[in-house]
Amino acid sequence: EDFTEGSVIRAVTQMGLPSMIGFAAASIYDIVNMLWVSRLPGAPVAAITFFFPFYWLLTSVNQIAGSGSVAMIARRYGERDDEGAEAAIKDAILLKILLALAVGLPGSLLLEPGLRLVGTTAPAWDQAVVYGRIMLLGLAASFSSYTMFTALRSVGEPRWSMYLMIGGVVLNVLLDPLLIFGI
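Calculation rules
Residues numbered from 1 in each chain as written. Predicted model: local features only at pLDDT ≥ 70, side-chain atom pairs only at ≥ 80, totals over all residues. Heavy atoms only, no water. 1 Å grid on protein atoms, 1.4 Å probe; cavity = no way out; pocket = protein on both sides within 12 Å on 5 of 7 lines; lining within 4 Å. Points joined across faces, edges and corners; volume = space filled by probe spheres on them. Helix = DSSP H or I, 4+ residues; strand = E, 2+ residues; numbered from the N terminus. Core = buried A, V, L, I, M, F, W, Y, C linked by side-chain atoms within 4.5 Å. Buried < 20%, exposed > 50% of the residue type's maximum accessible area, 1.4 Å probe, protein only. Contact = heavy atoms within 4.5 Å. Phe/Tyr/Trp six-rings, centres within 6.5 Å; stacked < 30°, edge-to-face > 60°.

Q: What should I look at first to understand the layout of surface pockets in this one?
A: Regions of empty space are outlined by a rolling probe, equal in size to a water molecule, passed over the atoms. Of the volumes computed, that of the largest pocket is approximately 1700 Å³. What lines the largest pocket is a set of 49 residues, among which Tyr 29, Asp 30, Asn 33, Tyr 55 and Met 135 lie closest to the centre. For the lining of the largest pocket, the secondary-structure elements that each account for two or more residues are helix 1 (8-37), helix 2 (44-78), helix 4 (122-137), helix 5 (139-154) and helix 6 (158-181). Counted as a void, the second largest pocket has a volume near 250 Å³. Taken together, 14 residues form the lining of the second largest pocket, with Asp 2, Phe 3, Thr 4, Tyr 77 and Gly 78 sitting closest to its centre. Elements that contribute at least two residues to the lining of the second largest pocket include exactly helix 2 and helix 5. It is helix 2 that contributes the most residues to the lining of the second largest pocket, three residues altogether.

So this is what it looks like as structure tokens:
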């Protein structure tokens, strides 16, 4: 469908509604994680809470690069330059992987000082460090998966982005208890 023709309100609704639903589903992902993690011994919820400001700081580069990649992919697609759009998607994925390494490696070195800076308490310390290291190992997958969601929206397929996000949440709901408590 050509979103450059016809009603702007209709186009915004058709593009925006699936994106809103997809991002709402993504927030359920975190809620489900927290529900299962809270059943672990120790202070796991506190550990995650202490880690996330540090994590959000590191992942802000993903949001910045994402804005640029949306513009490049959508522009090429809007120009009907399919090869250019494909190249922009590939470049965006590569950029995100390189950014994940660029912030993940120093982030691993700064993890413990960062946790001290946000005031991580003794009961949550060990779990925050372990959780943080695992999350930092997955940065490249996290960054590049958001690029796929971005790419789908940029080429006028927000429904596919929504379906993938919802599918990830369903998979998370099914696998969380198995992976958190062991198979």
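Further notes follow.
Q: Is there a simple way to explain the nonpolar core in this structure?
A: Among soluble globular proteins, nonpolar side chains are generally buried collectively. Residues Phe 51, Phe 54, Leu 111, Leu 115, Leu 136 and Leu 139 are the most contacted members of the largest nonpolar core, which totals 21 residues. Those elements that provide at least two residues to this core are helix 2, helix 3 (82-117), helix 4 and helix 5. The greatest single-element share of this core, amounting to eight residues, is contributed by helix 2. Ignoring sequence-local partners within four residues, the contact set of Phe 51 consists of Leu 111, Leu 115, Tyr 131, Gly 132, Met 135 and Leu 136.

Q: I keep staring at the packing of aromatic side chains and nothing clicks. Help me out?
A: In this structure the tally under the stated criterion is 10 aromatic pairs. Pairing Phe 51 with Phe 52 gives two aromatic rings, centres 6.0 Å apart and planes at 70 degrees, and the pair type is edge-to-face. Here Phe 51 and Phe 52 have matching classes, each one buried. Centroid distance Trp 160 to Tyr 163: 5.5 Å. Interplanar angle 90 degrees. Geometry classified as edge-to-face.

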